[in-house]
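A look at the structure
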Amino acid sequence: MCQPSTANADTTDIYIFDPGSLSSVQCMGDACAICHAKWPRPRTPLGELPDGTRVYGCRECADIIASHMARSAEHALAAH
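Residues numbered from 1 in each chain as written. Predicted model: local features only at pLDDT ≥ 70, side-chain atom pairs only at ≥ 80, totals over all residues. Heavy atoms only, no water.

Within the chain, the secondary structure is distributed over two helices and four strands. Along its sequence from the N terminus, the chain presents helices and strands in the succession β-β-α-β-β-α. Restricting to contacts in the chain with at least 6 residues of sequence separation, those with at least 24 account for 33%. For the chain, the accessible surface area stands at approximately 5,600 Å², while carbon and sulfur atoms represent 57% of it. (Helix = DSSP H or I, 4+ residues; strand = E, 2+ residues; numbered from the N terminus. Contact = heavy atoms within 4.5 Å. Areas by Shrake-Rupley, 256 points an atom, 1.4 Å probe, with all protein chains shown as cover.)

The next subject is the confidence of the model for the chain. Averaged over every residue, the pLDDT of the chain is 81; the share at 70 or more is 72%. Averaged over each element, pLDDT in the chain is lowest for strand β1 (residues 2-4) (48) and highest for helix α1 (residues 24-27) (96). Here residues 1-11 is a poorly scored stretch, pLDDT under 50, and it has 17 contacts once near neighbours within four places are set aside; other chains count. (pLDDT = per-residue confidence, 0-100.)

Turning our attention to the nonpolar core. Counting residues in each nonpolar core, the largest one holds nine residues, listed as Tyr15, Phe17, Leu22, Cys27, Ala33, Leu46, Leu49, Val55 and Ala62. Other than its neighbours up to four places away in sequence, Cys27 contacts Pro19, Leu22, Leu49, Thr53 and Arg54. (Core = buried A, V, L, I, M, F, W, Y, C linked by side-chain atoms within 4.5 Å. Buried < 20%, exposed > 50% of the residue type's maximum accessible area, 1.4 Å probe, protein only.)

Right, let's talk about the pairing of strand β3 (residues 44-48) for a bit. In the sheet, β3 pairs with strand β4 (residues 54-57) via four bridges, with the strands oriented antiparallel. Considered in β4, the bridge of Thr44 is made with Gly57. (Pairing = 2+ DSSP bridges.)

In this section: the pattern of salt bridges. The tally for this structure, following the rule as stated, stands at two salt bridges. With its nearest N and O atoms 2.9 Å apart, the salt bridge here joins Arg41 to Asp30. With a gap of 11 residues between them, Arg41 in the loop between α1 and β3 and Asp30 in the loop between α1 and β3 connect regions that are remote in the sequence. Overall, Arg41 belongs to the partly exposed group, its relative accessible area being 40%. (Salt bridge = Lys/Arg side-chain N within 4 Å of Asp/Glu carboxyl O.)

Take a look at the structure:
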């Protein structure tokens, strides 16, 4: 569904979402890109579309993603 962008490798990972896998309201930022929740309006940036438009998520989905990313980073550091 999304891929890390290599353009900003020196900062944080930016995920590029495929607009074909999102609904129009998700692409416009009016619904969570993960769970489709519309209320409250999602405000946490999760990534971008190929044209640079930000994709947003609800607090619950953003927290799950952040937790997963933190665990992935811990595993990657432990492997080195």
